[in-house]
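Each chain is listed here by its residues.
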Amino acid sequence: MKILLHICCGPCSIFPVARLREQGHDLQGHFFNPNIHPYKEFVRRLDTLKTYAADIELPLLVDDRYLLEEFLSLVVRSDRLRCEECYDMRLRETARQARLLGAEAFSTTLLVR
């Protein structure tokens, strides 16, 4: 199955990528994380993921826009919890990208504890 996998950072992707590949899935990673603060941490996570993805030959779709202000604005106006808004924002974008790519499914590394 062709799966677009939302990835928060390189280290959190290690187990899910290995497991999904063991199961025979065709994976592509997706970096979209508008909630990461400060900017230095955002860049560090993105750079680490790019290096790891290259090392394991994982195709990677990167949205490198730093959308912290948009995320915070959404959270302030919402009666939902911050984490609910964060998951919703990231997974909606991943679902949208999966549809555009013709992926059969999408998931996130955020499900692994």
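This text follows the structure it describes.
In this report, we go over the structure that sits alongside the text. (Residues numbered from 1 in each chain as written. Predicted model: local features only at pLDDT ≥ 70, side-chain atom pairs only at ≥ 80, totals over all residues. Heavy atoms only, no water.)

Counted by the stated rule, this structure contains 2 aromatic pairs. Judged by centre distance (5.5 Å) and plane angle (65°), the ring pair of Phe31 and Phe42 falls under edge-to-face. With Phe31 in strand S2 (residues 26–31) and Phe42 in helix H2 (residues 39–55), this pair connects stretches of sequence that are 11 residues apart. Take Phe31 and Phe42: they sit in the same class, and that class is buried. Among the aromatic residues, ring-to-ring pairing joins Phe31, Tyr39 and Phe42 into one connected group. (Phe/Tyr/Trp six-rings, centres within 6.5 Å; stacked < 30°, edge-to-face > 60°. Helix = DSSP H or I, 4+ residues; strand = E, 2+ residues; numbered from the N terminus. Buried < 20%, exposed > 50% of the residue type's maximum accessible area, 1.4 Å probe, protein only.)

Okay, the nonpolar core next. In terms of nonpolar packing, the biggest core is built from 13 residues, with Leu5, Ile7, Val17, Leu20, Leu27, Phe31 and Leu58 touching the most fellow members. Elements with a minimum of two residues in this core: strand S1 (2–6), helix H1 (10–22), S2 and H2. If you tally residues by element for this core, the top one is H2, at 4 residues. Setting aside residues no more than four positions away along its own chain, Ile7 makes contact with Cys12, Ser13, Gly29, His30, Phe31, Asn33, Leu49, Leu58 and Thr109. (Core = buried A, V, L, I, M, F, W, Y, C linked by side-chain atoms within 4.5 Å. Contact = heavy atoms within 4.5 Å.)

For the rest of this paragraph, the subject is the sheet that holds strand S3 (residues 60–62). Pairing within the open sheet is parallel, and its 4 strands lie in the order S3-S2-S1-S4. Because the sheet does not close on itself, it has two edges, and the strands there are S3 and strand S4 (105–108). Strand-to-strand twist of the sheet, defined as the mean angle between neighbouring strand axes without regard to direction, takes the value 25°. The sheet contacts of H1 involve S1 and S2, and relative to S1 the element is tilted by about 170°. In the packing of H2 onto the sheet, the strands contacted are S2 and S3, and the crossing angle to S3 comes to about 160°. (Pairing = 2+ DSSP bridges. Axes fitted to C-alpha atoms, helices over the stretch in contact; angles between N-to-C directions.)

Let's shift gears to the environment of Thr48. Position of Thr48 among the secondary structure elements: in helix H2. Accessibility expressed as a relative area gives 36% for Thr48, which makes it partly exposed. Along the backbone, Thr48 and Gly10 are 38 residues apart, and their C-alpha atoms lie at a distance of 5.6 Å. Excluding anything up to four places from it in sequence, Thr48 contacts Gly10 and Pro11.

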